[in-house]
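Structural characterization, general
So the chains spell out like this:
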There are 2 protein chains.
Amino acid sequence: MTIIRKGQEFSSCSECNIRYRAVCSTCDHDELRRLEDIKYYRSFEAGQPIMFEGDEMHFVASVVTGAARLSRTLPDGRLQMLGLLLPSDFIGRPGRDKVAYDVEAIQDVTLCCFRRKPFEQMVETTPHIGQRLLAMSLDELDVAREWMMLLGRKTAREKITCLLALIGQRIATLHLQPVTDGLSFEMPISREAMGEYLGLTIETVSRQMTALRKDGIIEVKGSRSITIPDLADLMAETGDDTDGGMLI
Amino acid sequence: MTIIRKGQEFSSCSECNIRYRAVCSTCDHDELRRLEDIKYYRSFEAGQPIMFEGDEMHFVASVVTGAARLSRTLPDGRLQMLGLLLPSDFIGRPGRDKVAYDVEAIQDVTLCCFRRKPFEQMVETTPHIGQRLLAMSLDELDVAREWMMLLGRKTAREKITCLLALIGQRIATLHLQPVTDGLSFEMPISREAMGEYLGLTIETVSRQMTALRKDGIIEVKGSRSITIPDLADLMAETGDDTDGGMLI
DNA sequence: CGTTACGTTGACTCCCGTCAAGATCCGTGG
DNA sequence: CCACGGATCTTGACGGGAGTCAACGTAACG
């Protein structure tokens, strides 16, 4: 069973690739041991649901590898993506027994899960975890509010360029590449997912991508491979201050 | 000086009107005494700025009375409101030295301020405060994400009816009135502020209010006094599930 | 190949923003 | 008391940006 096999690849906290960024990052050796007692790994393939809004929340988790997303759907089917979960991000909320959003794997994903009740006890008894969770929650809050600005006030073109800049920078720094003109990367998400993230339809996303290509802001190979010949040109289209002030 | 006079009205934590809801709500007697040592009160009149984005964050604070709002403005002037701060809500973020959003009083407001450095130390040393701050941050995160759904996917009419339902319920429960058909209340914010909250222009807000009035969903006296003859009718226009599932 | 998922493009519609003109309310001062 | 000015709100005309519906390409994969 792949789930178990994959889990075993990640069984030691001290070797974990998110050891210094996740909710456990400020735990000392003793606290880590207590966490190891209540943790277990689960894997989900791209596209699989992880939790549904309204479900009982049996566990909370850290993303170890891959990516997932939070979303919510209106009764008539309109969907809005509410968050992107990358390695070290935390899923779930101690102190609440129902899941608040749909959670879905968008790449193959491995989670480090903790049963909720024992984890809640640990949050109460080990300040390090609570403090780290607080800092992470406040970061997420900033991201959510930045996104509110984008959803409420930016044009389709600005939304797309913001997303391209965001993803480009993330991938570049992840691969330890410099963020300079000529930056090149693969879009990890489909046009549909872009639209769900940005509050746009797939057609509008596609048209804006074409327009940006024709205007020389981006170069496109296939539909996923993006090159940004001039970063300043791209940033000038985002509606933000051209200098710094990045989203995440 | 009104600031001092007003401050003295609120000088004892144990008598404070937000004693059991604010960041200090789970503090024991001892912890409260330590907080009292580092707290001070400040008042701002409606319309006054409280903090500017990018400023040094000298203090964090709880809203004691009145209301304030968080917002951010794009270089070209487009403004998006990012949060509404009511009594017991917390302003600022321990662990960060720059203010992330503009904060402005929208009604006369009194803050219970803590100098940031001593407060950060208290967060680290008194688990109760950190835990409470975590719970409050997670609540705010839920509100922000609910608002992302609204900003990204809802129509102008849905946005307006959501806001009316939200404010109506808040005011009714605040005044200990039942939330039933015939609910009547004063809008605490201008058409402009509604637009800033909802990601709409003032003209669209006004037109939608007129349309809702003509459709019999709401009754309006002056421009601020609202009556909702049939709550179910209003909720049916919000795009949400008609039953429960309220925003805050 | 054919099938299927994904992406692009076009034609059209309509919601909402923009610009402009009135209407209403309210505090101030003659 | 009324006149005036300013802020707030409403309404109209108009245009554009994004959604909708539909058709067509393109790539991946059996």
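Residues numbered from 1 in each chain as written. Chains lettered and ligands numbered in written order. Predicted model: local features only at pLDDT ≥ 70, side-chain atom pairs only at ≥ 80, totals over all residues. Heavy atoms only, no water.

Section: the packing of aromatic side chains
All names here are of chain A. For the coordinates displayed, the defined rule picks out 8 aromatic pairs over all chains. The interplanar angle of 70 degrees and the centroid separation of 6.4 Å between the aromatic rings of Tyr40 and Phe59 together place this pair among those described as edge-to-face. Taken together, the residues Tyr40 in strand S1 (residues 39–44) and Phe59 in strand S3 (residues 59–65) connect sequence positions 19 residues apart. On the accessibility criterion, Phe59 (8% relative accessible area) is buried. Taken together, the ring pairs in this structure connect Phe90, Phe114 and Phe119 into an aromatic cluster. (Phe/Tyr/Trp six-rings, centres within 6.5 Å; stacked < 30°, edge-to-face > 60°. Helix = DSSP H or I, 4+ residues; strand = E, 2+ residues; numbered from the N terminus. Buried < 20%, exposed > 50% of the residue type's maximum accessible area, 1.4 Å probe, protein only.)

Some details on the relation of the copies chain B and chain A
Superposing chain B onto chain A takes a rotation of 180 degrees plus a shift of 0.0 Å along the axis, which leaves an RMSD of 0.0 Å. Seen this way, the second copy is the image of the first under a two-fold rotation axis. (Least-squares fit on C-alpha atoms with pLDDT ≥ 70 in both.)

A word on the protein's contact with DNA strand C
Neighbouring residues of DNA strand C: 18 residues in total, closest A:Ser206, A:Thr210, B:Ala156, B:Thr204 and B:Arg207. Here, DNA strand C places atoms within 4 Å of the protein, and 64% of those atoms are sugar or phosphate. Between DNA strand C and B:Ala156, the relevant distance is 2.7 Å, taken from a phosphate oxygen to a main-chain nitrogen or oxygen of the residue. For the surface near DNA strand C, the secondary-structure elements that each account for two or more residues are helix H7 (202–214) of chain A together with helix H7 (202–214) of chain B. (Near = heavy atom within 4 Å. Polar contact = N/O pair within 3.5 Å; in protein donor to acceptor, adjacent residues only side chain to side chain.)

Observations regarding the domain arrangement of chain A
A common way to state how big an interface is: give the accessible area lost once the parts meet. Residue and element names in this part refer to chain A. Under the domain assignment used here, chain A contains domain 1 (2–142) and domain 2 (154–236). Computed over C-alpha atoms, the centres of domain 1 and domain 2 are 28 Å apart. Tallying the contact residues gives 8 residues for domain 1 and 7 residues for domain 2. Surface buried jointly by domain 1 and domain 2 totals about 670 Å² across both partners, of which 52% is contributed by carbon and sulfur atoms. A per-residue breakdown of the area domain 1 buries against domain 2 is headed by Gln80, Met81 and Leu84, which together make up 48% of the total. For the pair domain 1 and domain 2, the interface holds 1 salt bridge. Residue Arg69 pairs with Glu196 through a salt bridge whose shortest N-O separation is 2.4 Å. Where domain 1 meets domain 2, there are 4 residue pairs in polar contact (both at pLDDT 80 or more). (Domains from an automatic or database assignment. Contact = heavy atoms within 4.5 Å. Buried area = accessible area lost by both parts, 1.4 Å probe. Salt bridge = Lys/Arg side-chain N within 4 Å of Asp/Glu carboxyl O.)

Describing the pairing of S3(A)
Residue and element names in this part refer to chain A. The buried fraction of S3 amounts to 6 of the 7 residues, a majority that puts the element mostly inside the structure. Judged from the 6 bridges that link them, S3 and strand S8 (residues 109–115) form a sheet pairing that is antiparallel. Each bridged residue has a counterpart across the sheet, and for Thr65 the counterpart in S8 is Thr110. One ladder, built from 2 bridges, connects S3 with strand S6 (residues 90–91); its direction is antiparallel. By the bridge assignment, Ser62 is partnered in S6 with Phe90. (Pairing = 2+ DSSP bridges.)

Some points on the protein's contact with DNA strand D
Taken together, 18 residues lie around DNA strand D, and A:Ala156, A:Thr204, A:Arg207, B:Ser206 and B:Thr210 are the ones closest in. At 2.4 Å, a side-chain N or O of A:Thr204 approaches a phosphate oxygen of DNA strand D. For DNA strand D, a phosphate oxygen lies 2.8 Å from a polar atom in the side chain of B:Arg191. Every element with two or more residues in the surface near DNA strand D is listed here: H7 of chain A together with H7 of chain B. Take the surface near DNA strand D: its biggest share by element is 5 residues, from H7(B). Across the surface near DNA strand D, the residue classes tally to 2 nonpolar, 9 polar and 7 charged. (Nonpolar A, V, L, I, M, F, W, Y, C, P; charged D, E, K, R; others polar.)

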